[in-house]
Amino acid sequence: MTEFIKKKDVKKSWYKIDATNLIVGRLASEITKILRGTKKTSFTPNMDDGDFVIVTNARKIKFTGKKFSNKIYYKHTGYPGGIKETTPNQILQKDPSRIIKLAVKRMLPRGPLGRKQLGNLKVYNDEKHPHETQKAVDFDFKSRNKKNSLKYILQNKKKYGNIIFKHEKPTIWNKIMSIYNNEICRLKKYTLGVRDKSS
């Protein structure tokens, strides 16, 4: 029979992450794993047995591509026509820590447990934080995967072109698909034209 951890047996640790030049999505997914405790052998889905996370330098966080200006966050006031939208650039000017909190919040389970685990995340815009007495362990996120840092991605983008970014299709393939799509559109217009004449 599987033994589940009890509340009195939960032991929490403190981790500190420097968010300078880190990618938001990659960082948020790793923070979520720590908050939920999924990497622990004692992981229990219905228990808050994760650890505390301190994130510093939130204002130096990075997005890939043009997401700083193109990505849109939506919220609704509850009244007709009350939909509001904002971009990461606008949030960065007011409260940079909110970008990381939003990303992590949407990866955590909904409900009281998710809200409690989100409370274990402490995000600060600068290097200073009021948790020195906790003696948090430095979590070196950059060394775990080189693609976690925007600097490495930009350097390899210039050096290797499209090889590193496997999701980008080669130029020749784009041309072939463009010709194919144009031909499909031409055939559709022709068939529609024939039907219109016959009717």
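Everything quoted here is computed from the prediction, not taken from an experiment.

Parameters and conventions
- Residues numbered from 1 in each chain as written.
- Predicted model: local features only at pLDDT ≥ 70, side-chain atom pairs only at ≥ 80, totals over all residues.
- Heavy atoms only, no water.
- Helix = DSSP H or I, 4+ residues; strand = E, 2+ residues; numbered from the N terminus.
- Polar contact = N/O pair within 3.5 Å; in protein donor to acceptor, adjacent residues only side chain to side chain.
- Contact = heavy atoms within 4.5 Å.
- 1 Å grid on protein atoms, 1.4 Å probe; cavity = no way out; pocket = protein on both sides within 12 Å on 5 of 7 lines; lining within 4 Å.
- Points joined across faces, edges and corners; volume = space filled by probe spheres on them.
- Nonpolar A, V, L, I, M, F, W, Y, C, P; charged D, E, K, R; others polar.
- Patch = residues over 30% accessible without salt bridge, like charges linked within 9 Å, V, L, I, M, F, W, Y side chains within 5 Å.
- Areas by Shrake-Rupley, 256 points an atom, 1.4 Å probe, with all protein chains shown as cover.
- Salt bridge = Lys/Arg side-chain N within 4 Å of Asp/Glu carboxyl O.
- Lys, Arg positive; Asp, Glu negative; His and termini not counted.
- Charge placed at Lys NZ, Arg CZ, Asp CG, Glu CD.
- Buried < 20%, exposed > 50% of the residue type's maximum accessible area, 1.4 Å probe, protein only.
- Core = buried A, V, L, I, M, F, W, Y, C linked by side-chain atoms within 4.5 Å.

Asker: Even after reading the chapter, I still don't get the side chain of Thr44, so can you show me in this structure?
Answerer: Within the fold, Thr44 resides in the loop between helix H1 (24-36) and strand S2 (52-56). One polar contact links the side chain of Thr44 to the main-chain carbonyl oxygen of Ser42, over a distance of 3.2 Å. Setting aside its immediate chain neighbours within four residues, Thr44 contacts Phe4, Ile5 and Asp49.

Asker: Would you take a moment to explain the layout of surface pockets for this structure?
Answerer: Where empty space is left can be seen by rolling a probe of water-molecule size over the atoms. Taken as a whole, the largest pocket holds about 200 Å³ of empty space. The set of elements that each furnish at least two residues to the lining of the largest pocket consists of H1 and helix H4 (97-105). Of the residues assigned to the lining of the largest pocket, the class counts are eight nonpolar, two polar and three charged.

Asker: Help me understand unusual backbone geometry, please; the structure alone is not making it clear to me.
Answerer: Note: most peptide bonds trans; most residues except glycine with negative phi. Within the chain, Asn21 stands out as a residue other than glycine whose phi angle is a positive 60°. Within the secondary structure layout, Asn21 lies in the loop between strand S1 (14-18) and H1. A positive phi angle is found at Asn57, which is not glycine, with a value near 55°. Counting through the fold element by element, Asn57 comes out in the loop between S2 and helix H2 (67-70).

Asker: Could you clarify how one ought to interpret the environment of Lys67 in this entry?
Answerer: Structurally, the position occupied by Lys67 is in helix H2. In this structure the C-alpha to C-alpha distance between Lys67 and Asn89, which are 22 residues apart in sequence, comes to 9.0 Å.

Asker: Any chance you could explain a positive patch on the surface here in plain terms?
Answerer: A cluster of basic side chains, namely Lys67, Lys71, Lys75, Lys84, Lys94, Arg98, Lys105, Arg106, Arg110 and Arg115, defines a positive patch on the protein surface. Judged by its relative accessible area of 36%, Arg98 is partly exposed.

Asker: Can you walk me through H4 in this structure?
Answerer: Every α-helix winds through 3.6 residues per turn, so residues three or four apart in the chain are directed the same way. Among the residues of H4, Ser97, Ile99, Ile100, Leu102, Ala103 and Val104 are the ones counted as buried. If you follow the buried residues of H4, they end up packed against H1, S2, strand S3 (73-76), helix H3 (88-94), helix H5 (112-118) and strand S5 (121-123).

Asker: Whenever I open this one, the nonpolar core confuses me. Can you help?
Answerer: Here is a general trend for soluble globular proteins: nonpolar side chains tend to be buried in one another's company. Counting residues in hydrophobic clusters, the biggest one holds 27 residues, and the most contacted among them are Leu27, Ile31 and Ile100. Of all the secondary structure elements, the ones that give two or more residues to this core are H1, S2, H4 and S5. Here the element with the most residues in this core is H1; it accounts for six residues. Apart from residues lying up to four places away in sequence, Leu27 is in contact with Ile17, Ala19, Leu22, Ile61, Ile100 and Phe141.

Limitation: the analysis is restricted to geometry and does not speak to function.
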